[in-house]
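Per-entry structural report
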Amino acid sequence: MRILVIEDEAKVAQALKQGLEAEHYEVTVARDGNDGFFHASAEVYDLIVLDVMLPGRDGFEVLATLRKRGIQTPVLMLTARDGVEDRVRGLDKGADDYLIKPFAFSELVARIRALLRRGRSDQALRLRVLDLEVDLVTRKVNRGEETLSLTGREYELLEYLMRHQSQLVSREMIAQDVWKEESRVTSLDNVIDVHMARLRKKVDPEEQPKLIHTVRGLGFVLQEQHP
């Protein structure tokens, strides 16, 4: 499950990232309101942890704008202010829960689990393009009526492409976000191309419309039509 943490205090943000990753969540950190809004708008997350006091756009503005754009990702707001008015304001803007700083990490995790359970719908837990469907809970992948047998790495690669559907994904992005290789002496390009070729054979059989496309010199894109 993917969580976006929008928090400007470096120590708090790092502690949240490390703690949530230890709980087996995939965590992205944004350090101001503008960057957080960009991430929340451009990518798919299962939950957002949103601080109120942020540089750029504050948490209330980020939340209100996301809701106006139809983004209904569950949002847990964090604030150092214990006033009832702030909590009411956040909930009125569309927050799903509110937590006052300082808080116990165990309570944060419990509230996150509750929100994820509450927000789980078939649509939220499945990614779909044409007749290709990925179940994020069971990691089951279907193309039409056929269940595809993918390796762990192939599944991670496909989920990444599905979460970025219709967006160009470079080999550098895949190396960093799927292989988790931020700095490496030798390139992973050949390894990525081999895995992509194997994945494409399974996802795009000859009789089906092609979904995984190569953009020469740039990377890959998963979408119904060739870019």
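The following refers to the structure shown. (Residues numbered from 1 in each chain as written. Predicted model: local features only at pLDDT ≥ 70, side-chain atom pairs only at ≥ 80, totals over all residues. Heavy atoms only, no water.)

Here we look at helix 8 (residues 189-203)
Selection rule: Helix and strand definitions follow DSSP, with helices as H or I runs of at least four residues and strands as E runs of at least two, each counted in order from the N terminus. Multiplying one less than the number of residues by 1.5 Å gives the expected span of a helix. Per-residue accessibility, obtained with a 1.4 Å probe over protein chains only, is compared with the maximum for each type, and a residue is labelled buried under 20%, exposed over 50%, and partly exposed between these values. Read the arc as the range of directions from the helix axis to the C-beta atoms.
When the terminal C-alpha atoms of helix 8 are compared, their 20 Å separation across 15 residues agrees well with the 21 Å that a helix rising 1.5 Å per residue should span. Of the positions making up helix 8, those classed as buried are Ile-192, His-195, Met-196, Leu-199 and Val-203. Taken end-on, helix 8 shows its buried residues confined to a sector of 105°, consistent with a single buried face. Along helix 8, the residues that are exposed and aim more than 90 degrees away from the buried face are Asn-190 and Lys-201.

Some thoughts on the side chain of His-213
We count it as follows: Any N or O atom pair separated by 3.5 Å or less is treated as a polar contact, with the protein-specific requirement of one donor-capable and one acceptor-capable atom, and with residues adjacent in sequence counted only for side-chain atom pairs.
The residue His-213 is located in strand 10 (residues 212-215) in this model. For His-213, a relative accessible area of 6% gives the class buried. At 3.1 Å, the side chain of His-213 and the backbone oxygen of Gln-223 are in polar contact.

What to know about the sheet that holds strand 5 (residues 97-100)
Definition in use: By the convention used here, strands pair only if DSSP detects at least 2 bridges between them. Inter-axis angles, ranging from 0 to 180 degrees, are taken between N-to-C directions of lines fitted to C-alpha atoms, where helices are fitted over the stretch in contact.
Pairing in this open sheet of five strands is parallel, and the strands run 2-1-3-4-5 from one edge to the other. The outermost strands of the open sheet, each flanked by one partner alone, are strand 2 (26-30) and strand 5. Adjacent strand axes in the sheet meet at a mean angle of 20° when their direction is disregarded. Note: strand 4 (residues 75-79) against strand 5, four bridges, orientation parallel. Across the sheet, Leu-78 pairs through a bridge with Leu-99, a residue of strand 5.

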